[in-house]
Every structure is written in C-alpha cells, then in structure tokens.
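# Residue-level structural notes
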Amino acid sequence: MLLLINRYIKPVAFAALIALIHFGIWSILNRSLPMMNAPSIVHGFAYSGFQASQSPLEKNYPSTAELAEDLEILKPLTNRIRIYGALENSEVTALASNLGFYITAGAWLGNEEKANRREINALKSKIKNYPRVERAIVGNEVLLRKDLTPEALSEYLDEVRATTSLPISTAEPWHVWLKNPDLVKHVDFIAVHLLPYHEGVPVEKAVDYSLQRLNELMVTFPRKKIVITEIGWPSNGPTIDAAVASQANQAQFVREFLAKAAKGRYDYYLMEAFDQPWKQKLEGWAGPYWGMFGGDRKEKYSLQGNIDNDARWEVKALWSTLIAFLPILFIAIRFRHWGLGGRFSMAILLQACITTLVIAWNLPGDYYYTVRDFIVLIALIIGMGLTSAVLMIYGVEFSEVMFKGGWKRVYKRAKPLPTDKELFVSIHLACYNEPPEMVIMTIDSLVKLNYTNYEVIVVDNNTKDEAKWKPLEAYMANLPANFKFYHLPKWPGFKAGALNFALDQTNPNAQVVGVVDADYEVTPDWLSDLVPHFMDDKVAVVQAPQAHRDWENNFFRRMSNWEFEGFFKIGMHHRHERNALIQHGTMTLVRHQALLDSGKWSEWCICEDTELGLRLLESGYELRYIDDTFGRGLTPADFKALKSQRFRWAFGAMQILKHHLPKLLGDSTLTFGQRYHFLTGWFGWLGDALQLIFTIGSISWTVAMLAFPKSFSLPVSIMIMPILCFLFIKAALGPVLYRKTMDCHWKDILGASIAGLGLSHAIARGVIMGLIKKDGVFKVTAKGKANINRLQVLNPIIEEFSLLMALALCSLAMLFTRGFNNIDAQLWVTMLSLQALPYASAVACQFISQRADSKE
C-alpha cells in the first residue's frame, strides 16, 4: 500500500496541485474589474458596415441583409449613426431611415477630383431624398492626411452648403481646427475627433484630456456648435507612450466618457459601432479594434457591471492546465527520487512553456489575423516550441544538479593492478603542425608513467614544415623501443585517419587504447589508476576530464578554463548518470577490441571521439567517467582559436545527430536515458542557432516596422516572452550551477559566462552548417599564447560586431520613433538588448584575448 501511495497517488496529487496553482494564478490575474456604470443609451455611433472578412480595399462589400442586421443590433443602444461615404454601402441611409435612425451623412474626399465629384453629388442626393439625414460631413480628416488644401476643401464645403439648409461641416482632429481657424468660416458646426490614445495619454486621464481639448475649441470658437464625431479607445493595438490599448481600458474610457457626456449633454458619436479588421492596412495595428462590438458582432464589453480583463481566460487556462497535466504527472513519477524542489522547478517551467504556447495558439481568437499574420504566427509558434524544448532541457539539468542530492553513478580511481596483471595499453598521439617543444613535453610525460605494460605511437600527419616534425622524430629515436614515431606526408581522414593508422600499428596484444592530445601533460598515475576499470567486461571507455594549465596569469585563458570546466563538472555528470557519456578525444581510454569491432574511428566525422562513444553505447557497452585530473593541456591561444574549436564541435555534433538519428529514434539497444541525452544534449546548441535566426528576424522586423509602420507592428508581448525567458535563463542558470558545483570566484563565473555567451554565434554557425552540409574540415585548435595583431583585431568577430551594431541601431531607432516611455517599445528593446548579449560578449572576449599575460 505504501508503495502504491509513493509511486502513483503522490504523483497524481503533485500534478493536481500544480494544476490548481496554475488555474488559481489565471483566476487572480483575470478577476473581474469593478468600473463605474454608464448610461445604457449612446448618443450616436460612427458606423462602417464591413464584416470581419470584408474590405473596401478588395471591393468586398456587405449585403443589404448584413447591414440591416447591424442596424438592428444598434437600435436598442442609439437612434443616431454617422456614416463616412455617400457611395459605399449606400443603402445604409435608407435602411437606417426606415428603422428610425437619425443620420449624419458623409462624403468621402481624397486627392482625386473625379472621385470627389461623385461623392459630392451622391451626398447632395441623399440630403434631398432622406429627411432623416440631420446633418452632413464633407470629408473626413482630409487635411490631416494632406489629401486636399484648406482652400480646396473650403470650396467643396461652400458648394454643399449652398444647396441645403442642413448643417454642414468637415471632420478633423482638434489640433487641425486650431491650426486652420479660417476653415471655421466655411462650416455650420465643428466636427471634431478626440482620440487621446493616439496622443499617448494614459486611459486614467484620457476622458478629462478629451474634454479639455473640447473646451479649448469652445473657447477659441465660441459661436460655433461643436459635435464630437469620433471619440473612443481601441481594445488592441500598440502602446503609444502611456496609452495602452486593451479591452478593459476601452470599457473604462467609454463608460467614463458616456457618464460625463450625459451630464454635459454633449453631441457625440462613439468611435465606433463594430470592429473593422480591414482598417489595419490603412491605420496600423490599432485600426481594427475601436468597436463596441467585435467583427463577429458580439458585444466586447457591457456598459454596466464588472469587466473581464480577458473574456476567454477560462478556456485558455483550462486547455493549458489539461495539456500540461500528463507531462507533469510523468515528471512526478519519473523523477520522484529527485526531491520536491527539483520536481517543482521542472513542473513550473513546463507549465509556463505550455501556457505560453496555448496563449499564442489562441491569438487568432483575440486579434484579426490576415494570411500573412497566420504564416508569421505559425512560424513563431514553431520557434516558441523549439525554444520551450530547449528551456525544458536546461531545466532538467538544473533541477537534477540542484535538487537531486548527489550523483548515484560515481566512479573513483581504481586500485592499481600488480605489474604481472597489467593490461597492455597502446597510447596514440596524433599531431599536425604542432610546436615540437609542446609535443615533446607531452611525450616526456608519457615516459614517466607509473606503468610498465604499454606502448606509445606518435603519428604526425600532413605536416609540411620539417622544422615541426623532424625534432619529434629525433627526440623519439632516443626513447625506448615501445615509443614509435610515424610521419605521414599526405594522409586522409584528419585526426581520425591518423588514429586509424596508429590502430594498424598497434601491438596485437593491446587490450586498451589510450588517446591523448598533443598538448597534454599526463600525470604518472593516469594508466595505473584508470586501466583497472577495464577488468569489468562491460566497460568500453574510461574517460577523464579535460583540464588545463598555464591559465592563471591571463584573464582570457582563465575564462576559457572555467568555461570548459563547467561542462566536465556539470554536463558530464548529468549524462554519466544514465550511461550517456560524451567521449572526448583526449584523456580517454578505449577497449581495443571494442574499438575494432565497432569499425574504428569514423573518418567522415570531424568529432570522431564523440561519434565512437555513441557507437559503443549502441553496442551495449558501458562508458565510465572518473572526475579526477590525470592530465592538463593548454587552452586555445585566443578567441579566434576558441571559436574555431567550438564551431568544429557543433558541426560534428550535427553530423553525428544526422547519421545516428534512425537508431536514436528507432530500433536499437539504447536506453530511454541515452536516447534522451543524445537527442536533447545538443539542444542547447540548437538554441544558439535559434537565437541567431531570431536575431536576424528581430532586426528585419524592426527595419520593417520603421519603414512600413502601418504594415508591420510590434508583436504581441506573449510572443516575445519565450525569447526573453530563453535568453534570461541561459544567462542565469549557468552561474547558479557553477556556484553549486565548483569552487571558483564570482569573477571566474562571470568570465566563464561571458566566454560561453561569446561562443553562441560560432556554435550557431556550426549547427546550421552541420545540418545543411555533409562533410566538414578538421581544423586544429591553436594552443598556447596568441600572436597579437591589433590591426586585425575585429577580423575574427566581424559577424558578431556587425550584428551587435545592427541591434544597437535598431534599439535606438525604436526608442526615438516610438518614444522612450512606450511600454511595448521598451519590451522590444529589452529583447533586442538581451539578443545583443552574445555578440557583445564575443566582442569583449576578442579584446580580452589580446591582452598580454599579467606579471603575477
């Protein structure tokens, strides 16, 4: 019974608790908002009758029946409408008259004389034939758009006024009337638009601000009647300074205005009756969302009672809760031994990712999406899904390291075997164009091994400069017979080819093959303390960490050292726990027969070491990791060398992933844990590739917003949040794990973080090239001290520097054009700034790497 409770009942309770917390947060964030009640009668509505799928720009017009249905919807609320044109949807005047509406008719004017003439003539006809037309407006924001001069507009006004006794005017924003006082002489009343949203006024002050502008007109033109022909607030749209478009703010503005309008007995037309999605192409993002009713003709808010911040929140909350329940239950069962903190952190991150995706999926229900918008949305959801997967993979590693309470699969140094029972080891050292003095130091350390039964095979392949390989040949000629040297003038297969050549020269009695890089000084106990692990027949690889030397007095090499150290102290243990080790090409020992049986080193892959490790796992072997130092090598000489090395690793990882994907996904002896690590272990690098794609996309979108502000707008905040979270978590988790697992100063943690971020672009390029190309080129990583050439300091980072400058210019341009107080612009610039961190880090790494050693 206790086993049943621990294995199933507690996990179900855990998943249910997360679900309740999640739904509760939704409920708190979306509780109804108390607002003042407004009169149930609206003096008048601005009315356009296009349905959600219709547009005058595409010559797609509503039917007479649809227009009649609209007017029936409005009839309980008002008996007045304002229409904008005399020709489009011309039957509205007759329909409204029959239903008892009073009509403010309109003539739509532009910059074409013939079209204007048709509108004027049609307006005159309506005034003559429909007694319910109580006034007329000739032109709408014509001067604001600069379609006509004040003089030309005045001529049209005078023409219409001469043919009727009805009040005639033209509609413009308040500031246009103040700027053109002579225009007042040509109208019977002032038709003013008061839209404080466009002026960046916060909704709390917007009604009072509008009435102040109205009063300003009254004082300036005391003898003219003033009619507010447009006043309102959008339910969606970009934030303009302090003006935030939302459904709640729309309801707040309208209710407050209606209450004050009733008291002040203002003559007004609410902007507007129904949402008009087609307006987005003309007015930008906010254009479609000014209606009291949506494009589906459903009321967006009521004039009495509380207002829901999001009317559809329950549906979104329910779906995101249900979708996340089973994965969270899996976490609770699978990782029940990790501790409550680990399960909670993973569950919260998973729920957040799924909630974000559900909200994104529901965006078409909150916004009017075009085909282009749907394409962009689908692409973003795919990107968000991949980003969420990367975040979850980071979360699994973080939770295990922080909360598991210790590693279960831990191996230590073994007790050395007696001399007569030592396994024969063949040590292979491949080198190409290396400084001979460095290689000699490595060979000399192999001479000093506390082991008797071994040989050393040094293979120099493709080095043309005799000054590089001749000293090695001469040095090894004086060593014992078990030290052999081969120079291969022209040999295929890069390092793997040289190692396969060494295999062919290996003593047939060898039971273990050791591989060490040309710059590594191994400790005397390397073989004696590790080879005994091969007494277990299941073991194919014994791996020691890569450690470094001579980094203490140079800050760049110090950064590099600790950046490498992170993987061997965190990532290797995380993978080793499930026998999913990444084999490395130095400080590694391999069972000789297993190496031969698996097909030797793969010359098609530029990461032949990791590829071999995966093949051995597929053969059912065990790979062991002993986290102790048995040798130290040199860090890359400079940032260019470090980038080159990481590019090679990322490229090779993609080669491995493509080649082994059938076995990782299909029929093989790999365990679930091994499949997980080799499928997801490189997702962090795929995240770097996503970061590059998102960065280029963000720059392109910013340029489009600046160049075509009505066609391209700032994305909905929820679309930006996963990218912000990804960049933040990537930057934050590393330092936390470093502090947990390693004894190093905060300065070193910061340096390692900068180095890791600075490599993001090189990794992204490696991933992308590895996915689209088959063959890579093995480039040897330059080690030791760098040759400083200050004249060419930007050459290795020209791409990163260019992207950094582009992001900085985009950020400044957005703030200057949208306003420094614009919340949406601030959020976008925050994202651009976080996206710039890897490129700023790369620039910093490059300049730091040029510094000379300190004299300490």
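Check the entry above for the structure.
What counts and how
- Residues numbered from 1 in each chain as written.
- Predicted model: local features only at pLDDT ≥ 70, side-chain atom pairs only at ≥ 80, totals over all residues.
- Heavy atoms only, no water.
- Helix = DSSP H or I, 4+ residues; strand = E, 2+ residues; numbered from the N terminus.
- Rg over C-alpha atoms; globule rule 2.2 N^0.38 Å.
- Buried < 20%, exposed > 50% of the residue type's maximum accessible area, 1.4 Å probe, protein only.
- Contact = heavy atoms within 4.5 Å.
- Areas by Shrake-Rupley, 256 points an atom, 1.4 Å probe, with all protein chains shown as cover.
- Phe/Tyr/Trp six-rings, centres within 6.5 Å; stacked < 30°, edge-to-face > 60°.
- Lys NZ or Arg CZ within 6 Å of the ring centre and 35° of its normal.
- Axes fitted to C-alpha atoms, helices over the stretch in contact; angles between N-to-C directions.
- Parallel < 35°, antiparallel > 145°, perpendicular 65-115°, else oblique.
- Nonpolar A, V, L, I, M, F, W, Y, C, P; charged D, E, K, R; others polar.
- Salt bridge = Lys/Arg side-chain N within 4 Å of Asp/Glu carboxyl O.
- Pairing = 2+ DSSP bridges.
- Polar contact = N/O pair within 3.5 Å; in protein donor to acceptor, adjacent residues only side chain to side chain.
- Right-handed = clockwise from strand over helix to strand, strands pointing away.
- Disulfide = S-S within 2.5 Å.
- Expected span 1.5 Å × (residues − 1).
- Core = buried A, V, L, I, M, F, W, Y, C linked by side-chain atoms within 4.5 Å.
- Left-handed = near helix turned anticlockwise from the far one by under 90°.

Looking only at helices and strands, one finds 29 helices and 18 strands in the protein chain. Relative to the 2.2 N^0.38 estimate, which gives 29 Å for 856 residues, the radius of gyration of the protein chain is 36 Å and therefore markedly larger than a compact globule would have. Relative to its 856 residues, the protein chain shows a buried fraction of 56%. Counting only contacts in the protein chain whose residues sit at least 6 apart along the sequence, the fraction spanning at least 24 positions is 79%. Carbon and sulfur atoms provide 60% of the accessible area of the protein chain, an area that totals close to 36700 Å².

Describing an aromatic ring pair means giving the distance of the ring centres and the angle of the ring planes. With the rule as written, the count across this model stands at 29 aromatic pairs. Plain terms: the ring middles of F335 and W338 are 4.4 Å apart, the flat faces sit at 45° to each other, and that makes the pair tilted. Here F335 falls in the buried class, since its relative accessible area comes to 13%. Residue W338 is classed as buried on the basis of its relative accessible area, which comes to 5%. Between Y367 and Y369 the ring centres are 6.5 Å apart and the planes differ by 55°, which places this aromatic pair in the tilted class. Members of the aromatic cluster, each reached through a chain of ring pairs, are W285, Y289, Y367, Y368, Y369 and F374. The ring of F274 is capped by R297, whose NZ or CZ atom sits 4.4 Å from the centre of that ring. The ring of F678 has R575 sitting right over it, with the charged end atom 4.6 Å from the ring centre.

Moving on to the packing of helix α19 (residues 555-576) against helix α29 (residues 823-849). At a closest axis distance of 8 Å, the pairing of α19 and α29 adopts a crossing angle of 130°. With respect to their mutual orientation, α19 and α29 come out oblique. In this structure, α19 uses F555, F556 and M559 to contact α29, whose residues at the interface are C845, I848 and S849. Residues belonging to the contact of α19 with α29 are distributed by class as follows: 5 nonpolar, 1 polar and no charged.

Now for the pattern of salt bridges. Inspection of the entire model under this criterion finds 43 salt bridges. Here E58 ties to K281 by a salt bridge, and the two come within 3.6 Å at their closest N and O atoms. Of this pair, E58 sits in the loop between β1 (45-46) and α2 (64-74) while K281 sits in helix α10 (residues 280-283), placing them 223 residues apart in sequence. Across the pair, K281 and E58 agree in class, each one exposed. For the salt bridge of K225 with D267, the shortest nitrogen-to-oxygen distance reads 3.5 Å. With a gap of 42 residues between them, K225 in strand β7 (residues 225-231) and D267 in the loop between α9 (247-264) and β8 (268-270) connect regions that are remote in the sequence. Among the charged side chains, a salt-bridge network with shared partners connects R409, D536, K538, E622 and R624.

Once that is clear, we can look at the side chain of T229. Among the secondary structure elements, T229 is positioned in strand β7. Of the residues examined, T229 reaches a relative accessible area of 0% and is grouped as buried. Look past the residues within four positions of T229 in its chain and what remains in contact with it is A46, R82, I137, A171, A191, V192, H193 and Y269.

This part covers the sheet that holds strand β12 (residues 512-515). With mixed pairing, 7 strands are arranged side by side in an open sheet as β11-β10-β9-β12-β16-β14-β17. At either end of the open sheet lies a strand with only one pairing partner, and these are β11 (483-488) and β17 (622-625). Shown here is a sheet whose adjacent strand axes are inclined to one another by a mean of 20°, direction ignored. Across 4 bridges, strand β9 (residues 425-431) lies against β12 in parallel orientation. In the sheet register, I427 faces β12, and the bridge partner there is G514.

Checked against the element boundaries, K495 lands in helix α17 (residues 494-505). According to the relative accessible area criterion, K495 is buried, its value standing at 14%. Here G585 takes part through its backbone oxygen, which lies 3.3 Å from a polar atom of the side chain of K495.

Here we come to the pairing of strand β4 (residues 133-140). Counted residue by residue, β4 has 8 buried out of 8 residues, so it is predominantly covered. Taken together, the 5 bridges between strand β3 (residues 102-107) and β4 define a ladder with parallel strand orientation. Counted as the bridge partner of A107 is V138 from β4. The parallel pair β3 and β4, bridged by helix α4 (residues 113-129), forms a crossover whose chirality is right-handed. As paired elements, β4 and strand β5 (residues 168-173) share 3 bridges and run parallel to each other. Its bridge partner lying in β5, I137 is registered against S169.

Right, let's talk about the state of the cysteines for a bit. All told, the structure shown has 0 disulfides when counted by the stated rule. Of the cysteine sulfurs around C607, a residue in no disulfide, the closest is that of C605, at 5.5 Å. Among the residues examined, C607 registers a relative accessible area of 6% and is labelled buried. A disulfide-free cysteine, C744 has its sulfur positioned 16 Å from the sulfur of C845, the nearest such atom.

Attention now moves to helix α21 (residues 608-618). Burial runs high along α21: 11 of the 11 residues are buried. Backbone geometry just after α21 places G620 at a positive phi near 90°.

Taking 1.5 Å as the rise per residue, helix α14 (residues 371-403) with 33 residues should run 48 Å; its terminal C-alpha atoms sit 46 Å apart, in good agreement. Immediately downstream of α14, the backbone of G405 shows phi near 95°, a positive value.

Turning next to the nonpolar core. Counting 83 residues, the largest nonpolar core has I81 and M292 as its most contacted members. Sequence-distant contacts of M292, defined by excluding residues within four places in its chain, comprise V42, F45, L77, V254, L270, E272, A273, E299, K300, Y301 and L303. With 76 residues, the next largest nonpolar core counts F501, L657, W685 and A764 among its residues.

This paragraph deals with the sheet that holds strand β13 (residues 521-522). Read across the sheet, 3 strands follow the order β13-β18-β15 without closing on themselves; strand pairing throughout is mixed. With one partner strand each, in any of the chains shown, β13 and β15 (547-549) form the two edges of the open sheet.

Taken N-terminus to C-terminus, the directions of α14 and helix α24 (residues 683-707) make an angle of 145°; their axes are 10 Å apart at the nearest point. The interaxial crossing formed by α14 with α24 has left-handed handedness. Contact with α14, carried on its side by V376, L380, G383, L386, T387, A389, V390, I393 and Y394, involves F683, G684, G687, L690, F694 and W701 of α24 and no other residues of that element. Taken together, the residues that form the contact of α14 with α24 break down as 11 nonpolar, 4 polar and no charged.

These figures capture arrangement, not role.
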